[in-house]
Structure formats: C-alpha cells, structure tokens
Amino acid sequence: MNSHLTRNERERCVMARVQRQRVRRQQNFSLKHYGSWEAAETAAHTWIDSVLPTLPAIITSKNRMTPRNHSGVVGVHFDSGRRTLPSGTVADYPGYVARWPGCKAGLRWSFNTYNGEDNAFVHACLCRQMETKDREAVEEAVRTLSPAARDAWLARQHPAQPV
C-alpha cells in the first residue's frame, strides 16, 4: 500500500492524501463507486500519480532555519554553561554548541577556551558544517579560514542571549 493511501473501513473508502510545503491535496475513493478495495486503491494510485507532479518539491528539514534558532546558524546554539560549584556559588561558562543529526549531545565551544564569543562561534559553525567531533580538524579549518570567510560567518551571528 502507498504511504499516501489509507483504508478507511468505517467510511468504506480509500483516502488519498499528499502534502508539500503546506499545499495539501486529498481525494476519497469509495467502495460504493469502485466496488472493491483493490479497485479503489488502483484509482487512488492513479490520482496520486497525476497530482504529485503538480505539487512543490519536497524540502528536507536538514539545514532548515526555524523561528527557534537564535544564533543565526542552523545547528549552533548558545549555552550559558551555568554551573553550581561545590562552594554553592553559581558560575557561568558561556559557549556555543554545534549539533547535527547523529550527534545528539553536540560539541561545546567555550568562550573562555577559544578566546571570546566570536572565535567560539566560528569554531561551532565550522564544526556543524563539517559534522565532525574531531576538534583538531575543526581547529585546523579555523586556522586556514580566510578573513573574508570568517567575517561571513560572523555576519550571520546573532548576539548571544543569556538564558
């Protein structure tokens, strides 16, 4: 059975539905009209095949900017690094975290370790772009980055918002 088709046994029809970029098309194929499930499904397949070319292309969610993104780069987010020390004082260790599919926890780039917010941001962006946990490879990529490319990354950066 096609992923766009559903047998609705209660209503005794085959429902065909397809959606692309908020454009939805649907049609019901009743057993009363087509006589059997197989005939209704065949008609639904034919309808789906005629509708799919008229819909917008599929867009994957990978690298899609969403309203929840606050850093300016997909897969990179600010982390305040707020920790309560054994003495009871609260300390902040701000940084950026790069994440991608297959790297659930992400890789953290601290402001302190990487000489400030801008450097930590560039490291996190390249880490996300390369999708690697190899810090040495990312640091080498940052070293070989041209000033114009570095400025291009920083132009995309939104100011860090403390949580």
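See the structure shown above.
Conventions adopted
- Residues numbered from 1 in each chain as written.
- Predicted model: local features only at pLDDT ≥ 70, side-chain atom pairs only at ≥ 80, totals over all residues.
- Heavy atoms only, no water.
- Helix = DSSP H or I, 4+ residues; strand = E, 2+ residues; numbered from the N terminus.
- Expected span 1.5 Å × (residues − 1).
- Buried < 20%, exposed > 50% of the residue type's maximum accessible area, 1.4 Å probe, protein only.
- Axes fitted to C-alpha atoms, helices over the stretch in contact; angles between N-to-C directions.
- Left-handed = near helix turned anticlockwise from the far one by under 90°.
- Contact = heavy atoms within 4.5 Å.
- Nonpolar A, V, L, I, M, F, W, Y, C, P; charged D, E, K, R; others polar.
- Pairing = 2+ DSSP bridges.
- Parallel < 35°, antiparallel > 145°, perpendicular 65-115°, else oblique.

Draft legend 1. A look at helix α3 (residues 117-130). Taking 1.5 Å of rise per residue, the 14 residues of α3 would be expected to cover 20 Å, and the 20 Å separating its terminal C-alpha atoms lies within 8% of that figure. All buried positions along α3 are accounted for by A120, F121, V122, H123, A124, C125, L126, C127 and R128. Trailing α3 by a residue or two, E131 shows a phi angle of about 50 degrees, which is positive.

Draft legend 2. Structural context of the packing of α3 against helix α4 (residues 135-143). It is the contact of α3 with α4, at a shortest axis distance of 9 Å, that shows an interaxial angle of 115 degrees. Between α3 and α4 lies a crossing of right-handed hand. Contacts between α3 and α4 involve V122, H123, L126, C127 and M130 from the former and A137, V138, E139, A141 and V142 from the latter. Considered class by class, the residues forming the contact of α3 with α4 number eight nonpolar, one polar and one charged.

Draft legend 3. Layout of the pairing of strand β2 (residues 13-20). Counted residue by residue, β2 has six buried out of eight residues, so it is predominantly covered. For strand β1 (residues 5-8) and β2, the ladder comprises four bridges, and the chain directions are antiparallel. Note on β2: the bridge partner recorded for R7 is V14. Between β1 and β2, which follow one another and run antiparallel, lie four residues, and R12 among them has a positive phi close to 55 degrees. As paired elements, β2 and strand β3 (residues 23-30) share eight bridges and run antiparallel to each other. When the bridges of β3 are listed, R17 appears paired with Q26. Between β2 and β3, which follow one another and run antiparallel, lie two residues, and Q21 among them has a positive phi close to 45 degrees.

Draft legend 4. The arrangement of the packing of α3 against helix α5 (residues 147-156) in detail. At a closest axis distance of 10 Å, the pairing of α3 and α5 adopts a crossing angle of 95 degrees. With respect to α5, the element α3 is oriented roughly perpendicular. Of α5, the residues touching α3 (which contributes D118, N119, F121, V122, C125, L126 and Q129) are R150, W153 and L154. Taken together, the residues of the contact of α3 with α5 break down into six nonpolar, two polar and two charged.

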